[in-house]
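# A structural walkthrough
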Amino acid sequence: MAWAGLPDGRADLLNRDWLNYTGLTSEQAIGAGWIDAIHPDDRDRIRDYWRSVVTAGESGATEARLRRHDGSYRWFQLRANPIRDQAGSISRWLCISIDVEDRRRSDEALQANERNLGLIINTIPTHIYVLNIDGYVQFVNQAVMDYTGLTMADVKQEDYRDRVIHPDDFARVRAVRAASLRRTVPFSTEQRVLGKDGQYRWFLVRYKPFLDERGGIVRWYVVAFDIEDHKRAIDQLQKLANMIHSIPAAVWSMTPDGAPDIVNQGWYDYTGHSPDYVRTHPDSWMDTMHPDDSEAARMVYWDGIRSGNGFTMEARFLRARDNAYRWHLNRAVAVRDPEGHIISFVGTSTDIEDLKVAQEELHDTRAALAHATRVMTIGELTASIAHEINQPLSGILTNASTCLLMLADDQPDLEGARETARRTIRDANRASDMITHLRALFTKKDKADEPVELSEATREVIALCSNDLKRKGASLRQYLATDLPVLTGDRIQLQQVILNLLTNAADAMQTVEDRPRELSITTELDADDLVRVTVCDSGAGFDPKHSEEMFKPFFSTKPQGMGIGLSVSRSIIKRHNGRIWAMNNEGYGATFAFAIPRAPYR
Ligand code: ADP
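Below is a short write-up of the structure. Small disclaimer: the values here were computed from a predicted structure and weren't measured.

## Considerations on the overall build of the protein
From N to C terminus, the protein includes 18 helices and 22 strands. Against the globule reference of 25 Å for 602 residues, the protein gives a C-alpha radius of gyration of 57 Å, more extended than a compact globule. By principal-axis analysis of the C-alpha atoms, the protein measures approximately 205 × 60 × 40 Å. Counting every position in the protein, which comprises 602 residues, the buried fraction comes to 36%. Partitioning the contacts of the protein with sequence separation of at least 6, the portion at a separation of at least 24 is 51%. Approximately 36100 Å² of the protein is accessible, and the part contributed by carbon and sulfur atoms is 54%. In the protein, 74 positive and 86 negative side-chain charges are present, and the distance between their average locations comes to 3 Å.

## Comments concerning the side chain of Asp427
Tracing the backbone shows Asp427 in helix α15 (residues 414-443). Excluding anything up to four places from it in sequence, Asp427 contacts Pro392, Gly395, Ile396 and Asn399.

## So, the environment of Asn323
Relative to the helices and strands, Asn323 resides in the loop between β13 (311-319) and β14 (324-336). On the accessibility criterion, Asn323 (58% relative accessible area) is exposed. C-alpha separation for the pair Asn323 and Val278, spaced 45 residues apart in sequence, amounts to 19 Å.

## Comments concerning the nonpolar core
Core analysis: the largest hydrophobic core is formed by 38 residues, its most contacted members being Leu454, Leu502, Phe592 and Phe594. When residues of this core are traced back to their parent elements, those giving at least two are α16 (454-471), α17 (491-508), β19 (518-525), β20 (530-537), α18 (565-575), β21 (579-584) and β22 (590-597). Element by element, the count of residues in this core is highest for α17, at seven residues. Not counting chain neighbours up to four residues away, the residues in contact with Phe594 comprise Leu454, Val497, Ile498, Leu501, Val531, Arg532, Val533, Ile573, Arg579, Ile580 and Trp581. Of all hydrophobic cores here, the second largest spans 24 residues; its members include Val140, Val193, Val222 and Ala224.

## Remarks on the sheet that holds strand β7 (residues 137-140)
Taken in spatial order, the five strands of this open sheet run β7-β6-β10-β9-β8, and their pairing is antiparallel. With one partner strand each, in any of the chains shown, β7 and β8 (187-194) form the two edges of the open sheet. Pairwise comparison of adjacent strand axes, ignoring direction, gives a mean angle of 25° for this sheet. The sheet strands contacting helix α8 (residues 167-180) are β6 (127-131), β8, β9 (200-211) and β10 (217-226), and the helix crosses β8 at an angle near 155°.

## Some remarks on the side chain of Thr148
Considering the arrangement of structural elements, one finds Thr148 in helix α5 (residues 142-148). Among the polar contacts made by the side chain of Thr148, one reaches the main-chain carbonyl oxygen of Val144 at a distance of 2.8 Å. A polar side-chain atom of Thr148 sits 3.2 Å from the main-chain amide nitrogen of Leu150. The residues contacting Thr148, other than those within four sequence positions of it, are Tyr160, Val164, Leu194 and Lys196.

## Here we look at the environment of Gly473
Along the polypeptide, Gly473 turns up in the loop between α16 and β17 (475-480). Note on Gly473: relative accessible area 40%, which makes it partly exposed.

## Remarks on unusual backbone geometry
The phi torsion at Asp529 lies on the positive side, around 65°, for a residue other than glycine. Inspection of the secondary structure assignment puts Asp529 in the loop between β19 and β20.

## Remarks on the packing of α17 against α18
Two elements in contact, α17 and α18, have axes whose closest approach is 9 Å; the angle formed by their N-to-C orientations is 145°. Our pair here, α17 against α18, has a crossing hand that is left-handed. Contact residues: α17 offers Gln493, Leu494, Gln496, Val497, Asn500, Leu501 and Asn504, while α18 offers Gly565, Leu566, Ser569, Ile572, Ile573 and Arg575. Classifying every residue of the contact of α17 with α18 gives six nonpolar, six polar and one charged.

## Focus on the packing of α16 against α17
Two elements in contact, α16 and α17, have axes separated by 9 Å at closest approach and are oriented at 40°. Relative to α17, α16 is oriented oblique. Regarding α16 and α17, the two cross each other, and that crossing is right-handed. The residues of α17 that touch α16, namely those facing Leu454, Glu456, Ala457, Thr458, Glu460, Val461, Ile462, Cys465 and Leu469, are Arg491, Leu494, Gln495, Ile498, Leu499, Leu502 and Ala506. Residues of the contact of α16 with α17, tallied by class, amount to eleven nonpolar, two polar and three charged.

## Thoughts on the pairing of β8
Taking every second residue as pointing to the same face, the buried face of β8 carries Phe187, Thr189, Gln191 and Val193, while none of Ser188, Glu190, Arg192 and Leu194 on the other face is buried. Pairing of β8 with β9, which is carried by eight bridges, proceeds in the antiparallel orientation. Within β9, the residue paired with Arg192 across the bridge is Trp202. Connecting the antiparallel pair β8 and β9 is a turn made up of five residues, with Gly198 showing a positive phi of about 85°.

## Quick notes on the pattern of salt bridges
Applying the stated criterion across every chain yields a total of 44 salt bridges. Lys472 is the partner of Asp468 in a salt bridge, and the nearest nitrogen-oxygen pair spans 3.4 Å. A relative accessible area of 24% means that Asp468 is categorised as partly exposed. One connected set of salt bridges, linked through shared partners, spans Glu360, Asp468, Arg471, Lys472, Asp507 and Lys558.

## With respect to the packing of aromatic side chains
Overall, the coordinates contain 17 aromatic pairs when judged by the stated rule. Ring geometry for Trp50 against Trp93: centres 5.5 Å apart, planes inclined by 70°, an arrangement best described as edge-to-face. Of this pair, Trp50 sits in helix α3 (residues 40-56) while Trp93 sits in strand β5 (residues 90-99), and the two are 43 residues apart along the sequence. Relative to Phe203, the ring of Tyr147 has its centre 5.1 Å away and its plane inclined at 70°; by these criteria the two rings are edge-to-face. Of the two residues, Tyr147 is situated in helix α5 and Phe203 in strand β9; the sequence distance between them amounts to 56 residues. An identical accessibility class is assigned to Tyr147 and Phe203; each is buried. Between the NZ or CZ atom of Lys356 and the centre of the ring of Trp327, over which it lies, the distance is 4.8 Å.

The rules behind the values
- Residues numbered from 1 in each chain as written.
- Predicted model: local features only at pLDDT ≥ 70, side-chain atom pairs only at ≥ 80, totals over all residues.
- Heavy atoms only, no water.
- Helix = DSSP H or I, 4+ residues; strand = E, 2+ residues; numbered from the N terminus.
- Rg over C-alpha atoms; globule rule 2.2 N^0.38 Å.
- Buried < 20%, exposed > 50% of the residue type's maximum accessible area, 1.4 Å probe, protein only.
- Contact = heavy atoms within 4.5 Å.
- Areas by Shrake-Rupley, 256 points an atom, 1.4 Å probe, with all protein chains shown as cover.
- Lys, Arg positive; Asp, Glu negative; His and termini not counted.
- Charge placed at Lys NZ, Arg CZ, Asp CG, Glu CD.
- Core = buried A, V, L, I, M, F, W, Y, C linked by side-chain atoms within 4.5 Å.
- Pairing = 2+ DSSP bridges.
- Axes fitted to C-alpha atoms, helices over the stretch in contact; angles between N-to-C directions.
- Polar contact = N/O pair within 3.5 Å; in protein donor to acceptor, adjacent residues only side chain to side chain.
- Left-handed = near helix turned anticlockwise from the far one by under 90°.
- Nonpolar A, V, L, I, M, F, W, Y, C, P; charged D, E, K, R; others polar.
- Parallel < 35°, antiparallel > 145°, perpendicular 65-115°, else oblique.
- Salt bridge = Lys/Arg side-chain N within 4 Å of Asp/Glu carboxyl O.
- Phe/Tyr/Trp six-rings, centres within 6.5 Å; stacked < 30°, edge-to-face > 60°.
- Lys NZ or Arg CZ within 6 Å of the ring centre and 35° of its normal.

Structure below.
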């Protein structure tokens, strides 16, 4: 599109393309009419510009929107050139208009794209670097400058890395870079980088080369991720893991449905199982359990998992090192999320074998000590009795010998003999008195007369000895009447009897291995209106020919037995006007019972 103008700038000839495009007639456009085809926003600028070009008499170029015949506007480049005559003065102006709409559009799009990309690169919360092939910085994004507090110019300095990389990491990073920047494969480093707050933080830095078509490196693109928090978390995890693996017990976690998840080294060491084996055999912990414990343990385990209550149980596990079963205390608790859903179970298994053995030993020692004390008391007692009795006895002996001598004479001293015989009797009486006195000392203890409810008294005894029964493997069933009449008697003494019967029953079952060690205790009002306590065991029973002797002092069939329990019991019951007896059961074991009237002293 073109037009020609006079030296003063007025148009006098517009070509067909120009007229066709603008839809103006030649009459409308000549002179200054063409200005109508310029966009109103550009019009003043173009008018001024045209005036300046004409005044200067130089060629000019600018851009403006031109109205098409349909009213739409498109961008055009407008160029004007003066045509001069031979004298050098301007004879005409020649103006052309070139449609640049499409070029402008794509330029704008490109610029928008670039702006967008720049925005992305600078707002991305990751450090981005562009390096030249020698590893020097050409560009960094805003994040780098924000973090380091340095300007683009600073980071382009050669000593940039010296300034920001932690001195302890510097040599290592430099070595990796020196080796890797020469190759054309991606690589990465980890290092602490100094922030503008004076603190170092760990970064993972990944390098990727940008290659030309021949495979040569053009530049490096680098991203650096702040991994400080990860690093700290990993450190913490590592410490935790070290701790868990060094705990001198088995530590484990399970999924909510009871499959093993994390298991510590302690367990592997103890069982000899490999982590792989444990992972692929969810039930492997059962392999190492003592067969006698496994059924009960399994029940407790699954109860604890299903209910979410966890569990506490004891069981023996096989130790790989010496092939020995050792007792363990196993505990598990549920771990829940804030909503209360179970995320996992965690637990420990602690070897309590040594503790258990020590406890047993302690118990045995205590029992032995108690026994020794009793034996000692009896020993002392016997010595003093012997001492007391010895005097009258030696008197008897001397008198009897003297008496014999007196009678052996040709003329027996009958009066003397009578006298010595009298003295013998006197001494014998003294000995007898002494024994009676001693007996009285032991048996005639002052009795307390108080109201006693035997079921309640029994319950107290059970509480007292239930641990001992458990230790002896005995399970106790109680049938305690709730409506027993209150009787008058010595509560402590009666409790002593009950304790004795229970202890004997548990002792009698010690040798039983092939059946449950069950015993029961019953309190009731019997047909004769007597309050009766019956202890029935499933032990070895007794030899019927001992049925009377058992109740006599010092009769015992036990290696450590004193044989005084039943005799004391009998005297206590007698003092309550009651009766104590024993019989063998139809099947196994024996039944010991006593019965006393409601008001024995009335
Ligand atoms: P000790 O318990 O010290 O032996 P006791 O006087 O209590 O003394 O018991 C005497 C004996 O009676 C026991 O050694 C035992 O032979 C027998 N005996 C007692 N209770 C029972 C029982 N429940 N079953 C079988 N025998 C028993």
